[in-house]
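Fold and geometry: a report
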Amino acid sequence: MTIRLWHVAQSRSFRVLWALEEIGAAYELIHCSFFDRSLREDAYLARSPAGRVPAVEIGGQTICESGAILLYLADRFAPHLRVAEGARERAAFLQALHYAETLAAHLANLTQHHIVLREPSMRSPTVMRLEARRLENALRAVGPDWAAGAFSVADIALGYAVHMAQRFVALPEPAAVYLGAVHEREAFQRALAKDGPAQIYTQDFYPPPEG
Ligand SMILES: N[C@@H](CCC(=O)N[C@@H](CS)C(=O)NCC(=O)O)C(=O)O
């Protein structure tokens, strides 16, 4: 079966790249760019209506939204990477899978203000400080254990968000320990090696403005 992933380095499509490495699936990685118009062309919008990454094609079927893709991949190819319906840990599993987007919303705002908005007059120091604080608070829910007892695609969603968060805030200790375990996973390291040249972040750390 052919699996294709449309990917931009350092973006949420890394989650799917990492999941495919965890699964050990054969796949084609299509490196895309935010700087040409390719994600706004009709052919791509048919895969991802908002022109976002990731999008995947699996056996001729297309799906976007990283959380949905992770769950779909686990259901279809890797049941050991999800908690089955009816199991007690299912609630924690779903919560973590979606909590990753709570973190990602702050990351997206911080990315806009630190990086995408190039003119200093367009940036809001207030938003930068506020979003960094809100991200730090949200990270307090992340601890050293895997989200639902055993490593799952929820940890892929969450682990990627914590990995990106370290560019904007000092991680609370439990989240830092969790990230250490993420970084040790061989599939994570293989995905990182395939991620491609930096497209978004060129600094290791983007401090909130003074004030
Ligand atoms: N909830 C979506 C968000 C997708 C998303 O916003 N992706 C970003 C990269 S992290 C993107 O493609 N941005 C390009 C744009 O906003 O035009 C998901 O998890 O897949």
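1. So, the pattern of salt bridges
Side-chain pairing between opposite charges can occur once the charged atoms of the two side chains come close. Applying the stated criterion across every chain yields a total of 9 salt bridges. Across the salt bridge formed by Arg12 and Glu101, the nearest N and O atoms sit 3.0 Å from each other. In this pair, Arg12 is assigned in the loop between β1 (3-7) and α1 (13-23) and Glu101 in helix α4 (residues 90-116), connecting sequence segments 89 residues apart. A residue is classified by how much of its surface remains accessible, and Glu101, at 33% relative accessible area, is partly exposed. Where Glu21 meets Lys194, a salt bridge forms, and the shortest distance between an N and an O atom there is 2.6 Å. Of this pair, Glu21 sits in helix α1 while Lys194 sits in helix α8 (residues 186-194); the two residues are 173 residues apart in sequence, bridging distant segments of the chain. Note on Lys194: relative accessible area 37%, which makes it partly exposed. When salt bridges that share partners are traced, they join Arg4, Glu28 and Glu57 into one network.

2. Describing the sheet that holds β1
On the basis of which strands lie adjacent, the open sheet formed by 4 strands has the order β2-β1-β3-β4 and mixed pairing. Strands with a single pairing partner mark the edges of an open sheet, and in this sheet they are β2 (28-31) and β4 (61-64). Between one strand axis and the next, the sheet turns through 20 degrees on average, direction left out of account. Pairing of strand β3 (residues 55-58) with β4 involves 4 bridges; the strand directions are antiparallel. Bridge pairing in β4 links Ala55 to Cys64. Packed on one face of the sheet, helix α3 (residues 66-77) meets β1, β3 and β4 and runs near 135 degrees to β4.

What counts, and at which threshold
Residues numbered from 1 in each chain as written. Predicted model: local features only at pLDDT ≥ 70, side-chain atom pairs only at ≥ 80, totals over all residues. Heavy atoms only, no water. Salt bridge = Lys/Arg side-chain N within 4 Å of Asp/Glu carboxyl O. Helix = DSSP H or I, 4+ residues; strand = E, 2+ residues; numbered from the N terminus. Buried < 20%, exposed > 50% of the residue type's maximum accessible area, 1.4 Å probe, protein only. Pairing = 2+ DSSP bridges. Axes fitted to C-alpha atoms, helices over the stretch in contact; angles between N-to-C directions. Contact = heavy atoms within 4.5 Å.

All quantities given are derived from atomic positions and should not be read as evidence of function.
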